[in-house]
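Remarks on the overall topology
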Amino acid sequence: TTPNNPGDFAASRDTLLNALSREDQSSSTHRKRATLAEVAKRANVSTTTASLVMSGRAQELRIPQDTSDRVITAAQEVGYVPNQLGKSMRKGRTNIVSFYSAFRHRQADDLYLQRMTSAIEYAGSLFGHDILMHCNFWRKTEEIYQFLNGGWADGLLFYAPFKDDPLLPFLRSSKLPTVVVNKHD
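First, a word on scope: everything that follows refers to the structure included in this document.

What counts and how
Residues numbered from 1 in each chain as written. Predicted model: local features only at pLDDT ≥ 70, side-chain atom pairs only at ≥ 80, totals over all residues. Heavy atoms only, no water. Buried < 20%, exposed > 50% of the residue type's maximum accessible area, 1.4 Å probe, protein only. Helix = DSSP H or I, 4+ residues; strand = E, 2+ residues; numbered from the N terminus. Pairing = 2+ DSSP bridges. Contact = heavy atoms within 4.5 Å.

With that settled, the discussion passes to the pairing of strand β1 (residues 96-101). Regular strands show a simple pattern: their side chains alternate between the two faces of the sheet. Buried residues dominate β1, accounting for five of its six residues. Examined bridge by bridge, β1 and strand β2 (residues 130-133) share four bridges and lie parallel to one another. Its bridge partner lying in β2, Val-97 is registered against Ile-131. With five bridges connecting them, β1 and strand β3 (residues 155-159) associate as parallel partners. Paired with Phe-99 across the two strands is Leu-157, which belongs to β3.

The structure is reproduced here in structure tokens:
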């Protein structure tokens, strides 16, 4: 839910920060993601066979249906989910578009920005894209650029930069597709 006032926003922020802090403290007990090797072992097949089944190529490569079924069942039992980062690297795209505000802050009661980002999220979903909102505005310009252009997303929506915004020279020289929204002249 969207906070109705800045106090609600602060409470939500504090709750999230506390949860993240607890997770950092308990990282030694945090469960790791299930691996393809675990799936293969449980299904009594090779890792290659498990990979082919999980990538949807079992029928094409004539892997027996009962083998396929064992791999899928094993994946469900161990909670295996294919790594989307690896998939993105193989395909060369993430289906994510970044959003970055040149104001370098966001207030909880900014109705215009809330409505605009909701519209962006909706439009992204129509084209099969997720929207990654960047909110760590404490980084230096070079760090911000490296993060924005570091492979997390296929493109950038850059909101309201002034013509002397320090990110613009970096973005102009990059190959990251960028759309400037509501620029200031």
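This part covers the environment of Ala-75. For Ala-75, the location among the structural elements is in helix α4 (residues 65-78). Residue class for Ala-75 comes out buried when judged on its relative accessible area of 4%. Sequence separation of Ala-75 and Ala-34 is 41 residues, and the distance between their C-alpha atoms is 8.4 Å. Those residues in contact with Ala-75 that sit more than four places away from it in its chain are Val-39, Met-54 and Tyr-80.

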